[in-house]
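Observations on the three-dimensional arrangement
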Amino acid sequence: MKSMKLNIYEEASRCLLCEDAPCTKACATGDPARAIRAIRFDNHKPALRWVKDCTDADLERAEQACIHPGGPVHIEELVRSIHPDDVADDSYPDLSITFCGIPCENPFFLASSAVCTNYEMVARAFDAGWAGVFYKTICLQEIREVSPRFDAMHNNGIHGDFYGFRNMEQLSENPVEMDFDILRRLKQDYPTKVVIASIMGQTEEEWAHLAKMAEAAGCDAVELNFSCPQMKHKGMGSDVGQSPELVKTYTACVKSAVKIPVIPKMTPNITHITEPAAACVEAGADAISAINTIKSVTMMAEAEVAGQRTISGYSGRAVRPIALRHVLELAQMRSNCQLSIINSQFELSGIGGIETWRDALEFIQLGCSNVQVCTAVMQYGYRIIDDLTLGLQRYMGKRSITELQQLVGEQLPKFLNPDHLNRETIVFPKIDREWCIGCGRCYISCMDGGHQAITFDTATRQPRIVGTKCVGCHLCRLVCPTGAIGTTKRIKKK
């Protein structure tokens, strides 16, 4: 068995991502906190640039300064495990792209939410490098929020790092005039950034009025929130988003009221997202945002509001596969539609569980021209923009791609209906004996959740794949804790 080297991703995930990190303050020649954050957000090779000049003594001091309650992160071993980047800095392209005809310096936007509720917040995000903002939804109704309003799904005993996030927050609590003044000042002070107003009305008159205020404030576009799942007012949010007739009516009235692009935001709380989306596009929508949060329930007593509970929105990395499914369906609708029936040129803005550049890339490869981020910012701060842009630039450089637009929708041709998938070939799993530690996890899962195609010798602690029973489902590979199970070549079934 090979000696197990430090798993840099597991070790980096232990980092608390401190503000004013003690490890960096203790290191005289580098920034280990920044290097670890790069690894945490899927940029392990570029991470070396922040610690390349550090001596062992520097890293030892940094490690000693770590305040992790479970023992310091193994900073020295982690840094020494990083390999030099094989992509030269000068091959990193810029990330500029257009969205609804609007130039964007990169595809990363703040989603309409708690991460963008006032001037100071958005200004800090712009200064950090975010290309634009879908400002927190503005309405004419009085908004009064509950307390507490958030809950999260953690792995047992792990604090601070959640995979799912539930919120009961509604729309902006600011006076309407204040919000549009904020948007006006943001566009004046940051003319190269993209400022989009998210609005929600109850009547055609309200939708048109708010859209006109957005245009008068200098906003680049207006997003129509047809999707908030926790509105206390009837006839707003996802109640509207489930009705193709209503979204078509409201989209049309906004399109007739303003000249700036109109972007309806879709709810995932529906069987076929394409039905209301198609209605919006028929009414003239320039783009579609998808998705808003998913209706959910969590049971933590700490999240009760005066002893009471409600259904509300779920977000975070747990929802990304669901968001991708909806985006895929919208992209397929766009590519399959006929010009006489629907505007096939509408664009897509992807939302849902984006934390790393690779997450964002998945949305872009399915057809999104930009992506919106909320929950990851709430958890880690605006600073993640550094790794979002760095990783995407490096990926493009490695593939010699010079324009981000080249990636938009490139994976769409791979998606087929289930009846078109190849069912005549098989890929068998393969156990690497040097990495196998004999834990038996593959055996347990195959016996109780698979096809009983693995035997386990308790004397030698060796699993063995029985080829005559294996169906190539790869459950064993997914549960292996050491990565000891790989794949073989695809072959024709016997």
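Please refer to the structure higher up on the page.
Residues numbered from 1 in each chain as written. Predicted model: local features only at pLDDT ≥ 70, side-chain atom pairs only at ≥ 80, totals over all residues. Heavy atoms only, no water.

1. Brief notes about the overall build of the protein
Helices and strands together make up the secondary structure of the protein, namely 17 helices and 20 strands. In terms of overall size, the protein behaves like a compact globule, its C-alpha atoms giving a radius of gyration of 25 Å where 494 residues would be expected to give roughly 23 Å. Total accessible area computed for the protein in this model is approximately 23100 Å², and 51% of it derives from carbon and sulfur atoms. Where the 53 positive side-chain charges of the protein centre and where its 59 negative ones centre are 7 Å apart. (Helix = DSSP H or I, 4+ residues; strand = E, 2+ residues; numbered from the N terminus. Rg over C-alpha atoms; globule rule 2.2 N^0.38 Å. Areas by Shrake-Rupley, 256 points an atom, 1.4 Å probe, with all protein chains shown as cover. Lys, Arg positive; Asp, Glu negative; His and termini not counted. Charge placed at Lys NZ, Arg CZ, Asp CG, Glu CD.)

2. Points about the pattern of salt bridges
Counted according to the given criterion, the structure contains 26 salt bridges. Here Lys52 and Asp53 are joined by a salt bridge, their closest N and O atoms 3.4 Å apart. Accessibility expressed as a relative area gives 56% for Lys52, which makes it exposed. Arg399 serves as the salt-bridge partner of Glu410, at 2.8 Å between the closest nitrogen and oxygen. Residue Glu410 is located in the loop between helix H15 (385-398) and strand S15 (425-426), and its partner Arg399 is located in the loop between H15 and S15; the two are separated by 11 residues in the primary sequence. Overall, Arg399 belongs to the partly exposed group, its relative accessible area being 37%. (Salt bridge = Lys/Arg side-chain N within 4 Å of Asp/Glu carboxyl O. Buried < 20%, exposed > 50% of the residue type's maximum accessible area, 1.4 Å probe, protein only.)

3. Considerations on the packing of aromatic side chains
Scanning the model with the defined rule gives 9 aromatic pairs in all. When the ring of Phe126 is compared with that of Tyr190, the centres are 5.3 Å apart and the planes differ by 65°; the resulting orientation is edge-to-face. Of this pair, Phe126 sits in helix H6 (residues 119-128) while Tyr190 sits in the loop between helix H7 (176-189) and strand S7 (194-199); the two residues are 64 residues apart in sequence, bridging distant segments of the chain. Accessibility classification places Phe126 together with Tyr190 in one group, the buried group. Judged by centre distance (5.9 Å) and plane angle (25°), the rings of Tyr443 and Phe456 are stacked. Taken together, the positions of Tyr443 in helix H16 (residues 441-449) and Phe456 in strand S17 (residues 454-457) put the pair 13 residues apart, joining distant regions of the chain. (Phe/Tyr/Trp six-rings, centres within 6.5 Å; stacked < 30°, edge-to-face > 60°.)

4. Considering the nonpolar core
Of all hydrophobic cores here, the largest spans 136 residues; its most connected members are Trp130, Phe180 and Leu392. With 7 residues, helix H12 (residues 320-336) is the largest single contributor of residues to this core. Judged by nonpolar contacts, the second largest core, of 11 residues, contains Ile431, Cys442, Cys446 and Ile454. (Core = buried A, V, L, I, M, F, W, Y, C linked by side-chain atoms within 4.5 Å.)

5. Re the sheet that holds strand S12 (residues 312-315)
The sheet built from 4 strands is open, its strands ordered S5-S6-S12-S11 with antiparallel pairing. A strand with exactly one partner marks an edge of an open sheet, and here the two such strands are strand S5 (150-154) and strand S11 (294-296). Neighbour to neighbour, the strand axes of the sheet diverge by 35° on average, direction disregarded. Of the strand pairs in this sheet, strand S6 (residues 162-167) and S12 are connected by 3 bridges, and their pairing is antiparallel. Paired with Arg166 across the two strands is Tyr314, which belongs to S12. (Pairing = 2+ DSSP bridges. Axes fitted to C-alpha atoms, helices over the stretch in contact; angles between N-to-C directions.)

6. Notes on the side chain of Ser296
For Ser296, the location among the structural elements is in strand S11. Not counting chain neighbours up to four residues away, the residues in contact with Ser296 comprise Arg166, Thr310, Ile311, Ser312, Gly313 and Tyr314. (Contact = heavy atoms within 4.5 Å.)

7. Let's talk about a nonpolar patch on the surface
On the surface, a nonpolar cluster with roughly 320 Å² of combined accessible area is contributed by Val297, Met299 and Ile311. Mapped onto the fold, Ile311 is located in the loop between S11 and S12. Look at Ile311 and you get partly exposed, because its relative accessible area is 48%. (Patch = residues over 30% accessible without salt bridge, like charges linked within 9 Å, V, L, I, M, F, W, Y side chains within 5 Å.)

8. Side note on the pairing of strand S8 (residues 221-225)
Where a strand is regular, its side chains alternate between the two sheet faces. Where burial is concerned, most of S8 is hidden: 5 out of the 5 residues are buried. Across 4 bridges, the pairing between S7 and S8 is parallel. Across the sheet, Ile196 pairs through a bridge with Ala221, a residue of S8. In the classification by handedness, the crossover that spans S7, the intervening helix H8 (residues 204-216) and the parallel S8 is right-handed. As paired elements, S8 and strand S9 (residues 262-265) share 4 bridges and run parallel to each other. The residue of S9 that forms the bridge with Leu224 is Pro264. (Right-handed = clockwise from strand over helix to strand, strands pointing away.)

9. Focus on H15
The terminal C-alpha atoms of H15, which comprises 14 residues, lie 20 Å apart, in line with the 20 Å expected from a rise of 1.5 Å per residue. Of all the 14 residues making up H15, 11 are buried; the element is thus mostly covered by neighbouring parts of the structure. Buried within H15 are the following residues: Ile385, Asp387, Leu388, Thr389, Leu390, Gly391, Leu392, Arg394, Tyr395, Met396 and Gly397. The inward-facing, buried residues of H15 contact helix H3 (32-40), strand S3 (108-110), H6 and helix H13 (357-365). Taken from the residues just after H15, Ser400 is the one with a positive phi, measuring 60°. (Expected span 1.5 Å × (residues − 1).)

10. Considering the pairing of S12
Sheet analysis places S11 next to S12, joined by 3 bridges and oriented antiparallel. In the sheet register, Ile294 faces S12, and the bridge partner there is Tyr314.

11. Considerations on the side chain of Ser112
If you trace the backbone, Ser112 turns up in the loop between S3 and H6. There is a polar contact of 3.0 Å between the side chain of Ser112 and the backbone oxygen of Tyr135. The contact partners of Ser112, leaving out residues within four places of it in the chain, are Phe134, Tyr135, Lys136, Thr137, Ser198, Glu223, Lys265 and Gln372. (Polar contact = N/O pair within 3.5 Å; in protein donor to acceptor, adjacent residues only side chain to side chain.)

Interpretation in functional terms is not warranted from these geometric data alone.
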